[in-house]
Amino acid sequence: TRTPVNVTVTGAAGQIGYALLFRIASGHLLGADVPVKLRLLEIPQGVKAAEGTAMELDDCAFPLLKGIDIFEDPNKGFEGANIALLVGARPRTKGMERGDLLSANGGIFKPQGKAINDHAADDIKVLVVGNPANTNALIAQAAAPDVPAERFTAMTRLDHNRAISQLAAKTGASVEDIKRLTIWGNHSATQYPDIFHAEIAGKNAAEVVGDQAWVADTFIPTVAKRGAAIIEARGASSAASAANAAIDHVHTWVNGTAEGDWTSMGIPSDGSYGVPEGLISSFPVTCKDGKYEIVQGLEINDFSRERIDASVAELAEERDAVRELGLL
Ligand code: NAX
């Protein structure tokens, strides 16, 4: 029988955690034949609720779930971790300046990066969900010099999935007919969902849509502002869809992209497409054998160039701000 995979989830008592843990335990993260052990990391105020969630996980009698432990100490929480989902973060509260937000999150992601560096398994893969996800991932990665940088990724899969869904609704296509969509840049309002290389049932998506104004004035803002629209409607931020995207991100990373398709992941740039090396930016990637590669050779038109550059400039600003705070 297979050795269980250790999956550490931070922010386990939060709303994304609640939607995420049951799907990990039922085999959706890694596969229906892969046993898992959950390591839940919370702050002291979250521990009791995490214990409640652990009781419910027990009550599901999931055959693949081989253990649940709850920790407050990141050094213990990441011990032996093969997969780490960094969900817990400090939300922006009223009156909080961006610098305050970055420094509050630096206080979370820097020690967590260090704990991953010192205690995680050699094959650790990290997904940062907690916002600002790209920059939090950069902070954690910088604090883990012994872990290959490419193991630190940030989630733009929710944006990717949202874009596919909007495109399907516009064109009447099925979601599974849509391939090669790309989210570029930051997981923020500046992100750029690119349909110029996307395909709908084998045809170029931009040609199928045939309406550049819809792309610029409806599609891009709808995808970029979807998180705010969910809050407006639901009275709470995206949770189940965010958890689903985290599952998709890791599942694709570990198990691969389908032939002829790619996905979007926030990853440390190698300089491709003019994105400064080291920034954690979203790119089109293919995955195989637990590794990802940036899709190369795509022609970037002026419309796309302008938007990619704007989002990447925002990432560079965030990096400079956290560098100034001494977090890198
Ligand atoms: P909640 O506030 O419901 O839960 C966060 C949990 O994290 C709480 O239980 C809290 O106690 C815990 N926590 C805080 N600091 C911690 C620390 N240092 N170590 C361990 N746990 C800690 O938030 P939720 O709705 O679950 O969202 C979590 C994060 O995901 C937020 O930062 C949110 O902005 C971000 N999101 C990112 C998305 C993405 O696409 N990348 C989309 C969804 C979501 O908005």
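For every chain, the first residue of the written sequence is number 1, and numbering continues from 1 onward in sequence order. pLDDT decides what is reported in this predicted model: residues at 70 or higher carry local features, side-chain atom pairs at 80 or more are listed and counted, and totals for whole chains, interfaces and linings draw on all residues regardless. Remark: hydrogens and water are excluded; side-chain values derive from all non-hydrogen atoms of the structure.

Novice: Please clarify how the site of the ligand should be interpreted in this entry.
Specialist: Around the ligand, a shell composed of 22 residues is seen, among which Q15, I16, E42, V129 and N131 lie nearest. Residues adjacent in sequence count toward polar contacts only when both atoms are side-chain atoms; beyond that, a polar contact is any pair of N or O atoms within 3.5 Å, and within protein one must be able to donate a hydrogen and the other to accept it. M155 places a polar main-chain atom, nitrogen or oxygen, 3.4 Å from a nitrogen atom of the ligand. Where accessible areas are quoted, they stem from the Shrake-Rupley method and a 1.4 Å probe; at the residue level, only the protein chains shown are allowed to cover. With the chains in place, 80% of the 880 Å² that the ligand exposes on its own is no longer accessible. A cavity here means a set of points on a 1 Å grid, drawn over the protein atoms and nothing else, where a 1.4 Å probe fits but cannot get out; a pocket is an open set with protein on both sides within 12 Å along at least five of seven lines, and a residue lines either one if it has an atom within 4 Å of a point. The way we define it, a molecule is inside a pocket or cavity when more than half of its atoms are within 2 Å of that pocket's grid points. Taking a 2 Å distance to the grid points as the criterion, the majority of the atoms of the ligand fall inside the largest pocket. Each helix is a run of DSSP H or I of at least 4 residues and each strand a run of E of at least 2, with the numbering of both proceeding from the N terminus. Counting only elements with at least two residues in the shell around the ligand, the list comes to α1 (15–25) and α4 (98–119). A class-by-class count of the residues in the shell around the ligand yields eleven nonpolar, ten polar and one charged. For each residue, the test is whether any non-hydrogen atom lies within 4 Å of the molecule or strand; if one does, the residue is near. Under the convention adopted here, Pro, Cys and the residues Ala, Val, Leu, Ile, Met, Phe, Trp and Tyr are nonpolar, Asp, Glu, Lys and Arg are charged, and Gly plus all remaining residues are polar.

Novice: What is the right way to read the sheet that holds strand β10 (residues 199–200) from this model?
Specialist: Within a sheet, each strand pairs with its neighbour through backbone hydrogen bonds, oriented either parallel or antiparallel. Two strands are counted as paired when DSSP detects at least two bridges linking them. Read across the open sheet, the three strands follow the order β7-β10-β11; overall the sheet is antiparallel. The strands lining the two open edges of the sheet, one partner per strand, are β7 (178–179) and β11 (203–204). When β7 meets β10, the two strands line up antiparallel, connected through two bridges. Within the sheet, the bridge partner assigned to I178 lies in β10 and is I200.

Novice: Help me out: how do you make sense of the packing of aromatic side chains in this one?
Specialist: How two aromatic rings sit relative to each other is given by the distance of their centres and the angle of their planes. In this analysis, rings of Phe, Tyr and Trp, with Trp reduced to its six-membered ring, are considered paired at centre separations within 6.5 Å, and the interplanar angle assigns stacked below 30 degrees, edge-to-face beyond 60, and tilted for intermediate values. The full count for this structure, using the stated rule, is seven aromatic pairs. On the basis of an interplanar angle of 75° and a centroid distance of 5.0 Å, the ring pair of W184 and Y273 is categorised as edge-to-face. Of this pair, W184 sits in strand β8 (residues 182–184) while Y273 sits in the loop between β12 (263–268) and β13 (280–288); the two residues are 89 residues apart in sequence, bridging distant segments of the chain. Accessibility classification places W184 together with Y273 in one group, the buried group. Burial classes follow relative accessibility: with a 1.4 Å probe on protein chains only, a residue under 20% of its type's maximum area counts as buried, one over 50% as exposed, and anything between as partly exposed.

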